[in-house]
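Single-letter residue listing:
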Amino acid sequence: MPKTAVIVLADGFEEIEALTPADVLKRLGCRVILAGLDQQQVTGAHGFRILCDCLMTEADLLAADAVILPGGLPGATNLRDSAVLAEILRQRNRAGKLCCAICAAPIVLECAGIIHGREVTGYSGCEGLSGSETLKFSGAPAQRSGNLVTGKGPGASFDFAGEIALALDFTAEQIAQLYAGMMVNA
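The rules behind each value
- Residues numbered from 1 in each chain as written.
- Predicted model: local features only at pLDDT ≥ 70, side-chain atom pairs only at ≥ 80, totals over all residues.
- Heavy atoms only, no water.
- Helix = DSSP H or I, 4+ residues; strand = E, 2+ residues; numbered from the N terminus.
- Rg over C-alpha atoms; globule rule 2.2 N^0.38 Å.
- Buried < 20%, exposed > 50% of the residue type's maximum accessible area, 1.4 Å probe, protein only.
- Contact = heavy atoms within 4.5 Å.
- Areas by Shrake-Rupley, 256 points an atom, 1.4 Å probe, with all protein chains shown as cover.
- Lys, Arg positive; Asp, Glu negative; His and termini not counted.
- Charge placed at Lys NZ, Arg CZ, Asp CG, Glu CD.
- Polar contact = N/O pair within 3.5 Å; in protein donor to acceptor, adjacent residues only side chain to side chain.
- Phe/Tyr/Trp six-rings, centres within 6.5 Å; stacked < 30°, edge-to-face > 60°.
- Salt bridge = Lys/Arg side-chain N within 4 Å of Asp/Glu carboxyl O.

**Q** I tried to follow the overall build of the chain on my own but got confused; where do I start?
**A** Within the chain, the regular secondary structure consists of six helices and nine strands. The C-alpha radius of gyration of the chain comes to 15 Å, within 12% of the 16 Å expected for a compact globule of 186 residues. Taking the principal axes of the C-alpha coordinates as reference, the chain spans close to 40 × 35 × 35 Å. The buried share among the 186 residues of the chain stands at 54%. Of the contacts made within the chain by residues no fewer than 6 positions apart, 65% connect residues no fewer than 24 positions apart. Summing over all exposed atoms, the chain offers an accessible surface of approximately 8,300 Å²; the carbon and sulfur share of this is 51%. Of note, the chain has its 14 positive side-chain charges centred 4 Å away from the centre of its 20 negative side-chain charges.

Following this line, the structure appears as structure tokens:
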């Protein structure tokens, strides 16, 4: 049975941070579901409109192998302000399930209370959007800390997607072969 990844989109999401992991994971054989936070048609930070597969409440986020949160503003703050999403993330974290966020979106993980001092990365300067004085980003392009995968920003989208793929048990060889064909880091 293929792995399933749900990417939750809110108005103002960073398009490359959503669609790069979607594309990479789909090419590796993952089932990818785009779920709108509160509407099915979502507009990205740069004006691209995406028609999602479903609403977040219609996707089974608890059963998914990975839940992915792209950054962008105000996309990340829209995700941060969803009490429903925060509770789902807490439940996933308690179960050890993969929670992924890139750019400004690690603030969503912080506000849900699931970072707890683990080393994460994200877009420098966005830490304060969580309201936490303790959230610090490592500066790495992408990193994994247990069941959390985080990415730095738009330019690290392929690093982020690759780290998610590794966490989903795809091999480094499978990812390298895919990236070679896509001319990533060529």
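**Q** In this structure, what is going on with the side chain of Ser82? I would like to understand it.
**A** Residue placement: Ser82 occurs in the loop between helix H2 (75-80) and helix H3 (83-94). Looking at Ser82, the relative accessible area reads 12%, which means it is buried. A distance of 3.1 Å separates the side chain of Ser82 from the backbone nitrogen of Leu85, its partner in a polar contact. In this structure Ser82 touches Leu37 and Met56, once residues within four positions along its chain are discounted.

**Q** So what exactly am I meant to see when it comes to the packing of aromatic side chains here?
**A** Here the distance between the centres and the angle between the planes together describe a pair of aromatic rings. Inspection of the entire model under this criterion finds one aromatic pair. With a centroid separation of 5.4 Å and 90 degrees between ring planes, the pair formed by Phe158 and Tyr179 is classed as edge-to-face. Of this pair, Phe158 sits in helix H5 (residues 157-167) while Tyr179 sits in helix H6 (residues 172-182); the two residues are 21 residues apart in sequence, bridging distant segments of the chain. Taking relative accessible area as the criterion, Tyr179 reaches 10% and is therefore assigned buried.

**Q** Sorry, what's going on with the environment of Met56 here?
**A** Structurally, Met56 can be placed in the loop between strand S5 (54-55) and strand S6 (66-69). Residues within four places of Met56 in sequence aside, it is in contact with Val8, Ala35, Gly36, Leu37, Leu61, Ser82, Val84 and Leu85.

**Q** How should I be thinking about the pattern of salt bridges in this particular structure?
**A** Two side chains bearing opposite charge may form a pair once their charged atoms approach each other closely. For the coordinates displayed, the defined rule picks out five salt bridges. The partner of Lys3 in a salt bridge is Asp169, with the nearest N and O atoms 3.8 Å apart. Residue Lys3 is found in the segment before strand S1 (4-9), and its partner Asp169 is found in the loop between H5 and H6; the two are separated by 166 residues along the sequence. Across the pair Arg80 and Asp81 runs a salt bridge, and its minimum N-O distance is 2.8 Å. Owing to a relative accessible area of 53%, Asp81 belongs among the exposed residues under this scheme. Linked through salt bridges whose partners overlap, the residues forming this network are Glu87, Arg90 and Arg94.

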